[in-house]
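In case you want the letters, here they are:
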Amino acid sequence: MFIVMSRGHTEGELKGILDRLSEMGFSGHVSKGVERTVIGVVGRTYPELRDTLEFLPGVDEVVPITKPYKLSSREFQPQDTVVRVGDVTIGGAELVVMAGPCAVETERQVLDTARAVKAAGANIFRGGAFKPSTSPYQFRGLGEEGLKMLAMAREETGLPIITEVMTPRDVELVSRYADILQVGARNMQNFVLLDEVGMSGMPVMLKRGMSATIQEWLLSAEYILSQGNHKLLLCERGIRTFETYTRNTMDVSSIPVIEKVSHLPIIADPSHATGKWYLVAPMALAAVAAGADGLIIEVHPSPDTALKDGVQSLTFENFKRLMAQIVPVAQAVGRRVMASV
Ligand code: PEP
Ligand code: MN
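Residues numbered from 1 in each chain as written. Chains lettered and ligands numbered in written order. Predicted model: local features only at pLDDT ≥ 70, side-chain atom pairs only at ≥ 80, totals over all residues. Heavy atoms only, no water.

Tell me about the overall build of the chain, residues and numbers included.
If you tally the helices and strands in the chain, you get eleven helices and 15 strands. Its C-alpha atoms give the chain a radius of gyration of 21 Å, within 12% of the compact-globule value 20 Å for 341 residues. Across its three principal directions, the C-alpha atoms of the chain cover 65 × 45 × 45 Å. Relative to its full complement of 341 residues, the chain shows a buried share of 54%. Sequence-distant contacts, at least 24 apart, represent 68% of the contacts inside the chain between residues at least 6 apart. Here the chain displays about 14,600 Å² of accessible surface, and carbon together with sulfur accounts for 53% of that area. Looking at the chain, you have 35 positive and 39 negative side-chain charges, and the mean spots of the two groups are 3 Å apart. (Helix = DSSP H or I, 4+ residues; strand = E, 2+ residues; numbered from the N terminus. Rg over C-alpha atoms; globule rule 2.2 N^0.38 Å. Buried < 20%, exposed > 50% of the residue type's maximum accessible area, 1.4 Å probe, protein only. Contact = heavy atoms within 4.5 Å. Areas by Shrake-Rupley, 256 points an atom, 1.4 Å probe, with all protein chains shown as cover. Lys, Arg positive; Asp, Glu negative; His and termini not counted. Charge placed at Lys NZ, Arg CZ, Asp CG, Glu CD.)

Here's what the structure looks like:
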């Protein structure tokens with residue numbers, strides 16, 4: 001449930017309520033909006049609690065959260081969550097672009113790509129050192145060696161790094177190198193991993209599972225938020241449907257749905273959503289038009305020889321072209337594309 005403070009409440013009354021909540025074993029999450037201040041009550045609430053809280057000085061009303069997901073809901077926090085990673089702000093007025101190869105392959109490949117995507121205007125560098133693979137015979141990533149190459153790319157370009165962590169035992173290791181931990185689609189319901197990335201306190205991007213409903217996705221987000229980690233991004237990366245022409249079906253409508261029901265930033269991944277490089281630009285533009293807070297795009301120096309996801313990877317040239325195409329679309333929906341650091 002959440003507490004809506006009366007319009008003229010004092011700071012003392014707000015503090016009084018937070019103290020009372022803590023005495024009762026709850027914690028309060030304060031959101032100061034333009035119009036009203038709202039306190040989200042975190043903990044195992046019960047219906048009678050509403051009466052107790054409603055009589056406290058400064059309280060206007062107490063409203064139960066009707067959705068099964070609580071901390072991620074707009075009811076709980078009306079204003080948008082903004083996640084800061086170095087100089088990059090995600091979830092604000094500016095559109096953020098993350099780009100890089102699917103997998104880290106060589107030092108040369110990583111550095112060349114990082115320089116190229118930065119020159120084209122990307123804000124964050126992506127690359128997988130631990131790769132989830134449908135087949136165990138595919139390339140599964142360079143592990144820590146790959147993380148070191150990502151750190152070199154950050155050193156060289158100044159771009160923060162997003163990279164995937166697949167198991168709770170690697171969270172500590174990946175956190176030493178990464179700026180954002182990515183939880184992949186196949187791990188969206190790996191609840192032990194969700195707890196662990198929640199406890200890490202690191203910024204996290206949670207990808208939508210390929211067969212997950214929006215509600216299931218947000219319930220997974222709750223695992224991370226309920227560990228006290230609010231630096232959370234969601235990522236739409238396509239869902240599995242009967243259509244086989246594309247790798248997945250990009251659920252563009254989930255972008256405005258998330259915007260409506262949640263305060264969390266929403267990033268779109270047209271690379272995994274389509275699986276074909278020539279569909280990446282049109283779906284990236286569709287996602288921007290639909291209100292996405294950012295994009296994550298696979299880019300490779302030589303897609304034909306990529307060890308992973310070459311078919312959906314953009315060349316440097318195509319990525320540069322896409323960055324130019326995004327500008328007027330973002331503008332049309334009241335957004336600016338963030339300048340590269
Ligand atoms: C990736 O980002 O390279 C990846 C494996 O994505 P997903 O988890 O969405 O399949
Ligand atoms: Mn990939």
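Would you mind going over the environment of Gly291 in detail, with residue names and values included?
Looking at the element boundaries, Gly291 is found in the loop between helix H10 (277–289) and strand E14 (294–298). Its relative accessible area of 22% is what places Gly291 among the partly exposed residues.

Tell me what's going on with the site of ligand 1, and back it up with residues and numbers.
Taken together, 13 residues lie near ligand 1, and Arg126, Lys131, Ala185, Lys207 and Arg237 sit nearest. The separation between an oxygen atom of ligand 1 and a polar side-chain atom of His272 is 3.1 Å. Glu298 places a polar side-chain atom, nitrogen or oxygen, 3.4 Å from an oxygen atom of ligand 1. Calculation on ligand 1 without its partners gives an accessible area of 300 Å², and the protein chains cover 98% of this total. Residue classes in the shell around ligand 1 are distributed as three nonpolar, three polar and seven charged. (Near = heavy atom within 4 Å. Polar contact = N/O pair within 3.5 Å; in protein donor to acceptor, adjacent residues only side chain to side chain. Nonpolar A, V, L, I, M, F, W, Y, C, P; charged D, E, K, R; others polar.)

Any chance you could break down the domain arrangement of the chain for me, citing the residues and the numbers?
Here the chain is described as being made up of domain 1 (2–63) and domain 2 (83–337). Placing the centre of domain 1 and that of domain 2 at their C-alpha centroids yields a distance of 36 Å. (Domains from an automatic or database assignment.)

Which residues make up the packing of aromatic side chains, and what are the values?
Throughout the structure, instances matching the rule amount to three aromatic pairs. Geometrically, the ring pair formed by Trp277 and Tyr278 is edge-to-face, given 6.1 Å between the ring centres and 85° between the ring planes. Residue Trp277 is classed as partly exposed on the basis of its relative accessible area, which comes to 42%. It is Lys276 that lies over the ring of Tyr245; its NZ or CZ is 3.9 Å from the centre. (Phe/Tyr/Trp six-rings, centres within 6.5 Å; stacked < 30°, edge-to-face > 60°. Lys NZ or Arg CZ within 6 Å of the ring centre and 35° of its normal.)

Can you tell me about the coordination of the manganese ion (ligand 2), naming the residues and giving the values?
Of the protein atoms, only Cys102 (SG), His272 (NE2), Glu298 (OE) and Asp309 (OD) coordinate the manganese ion (ligand 2), at distances of 2.0 to 2.4 Å. Linear spacing of the donor residues for the manganese ion (ligand 2) on their chain is C-x169-H-x25-E-x10-D. Here Glu298 lies in strand E14 and His272 lies in helix H9 (residues 270–274), a separation of 26 residues in the sequence. Here Glu298 falls in the buried class, since its relative accessible area comes to 1%. (Donors = N, O, S within 2.8 Å, 3.2 Å for Na, K, Ca; no water.)

Explain the sheet that holds strand E3 (residues 37–42) to me, using residue names and the numbers behind them.
The strand order E2-E3-E1-E4 describes an open sheet built from four strands, whose pairing is antiparallel. Both edges of this open sheet fall to strand E2 (27–32) and strand E4 (59–63), since each of them pairs with a single strand only. The sheet shows a mean angle of 25° between the axes of neighbouring strands, taken without regard to direction. (Pairing = 2+ DSSP bridges. Axes fitted to C-alpha atoms, helices over the stretch in contact; angles between N-to-C directions.)

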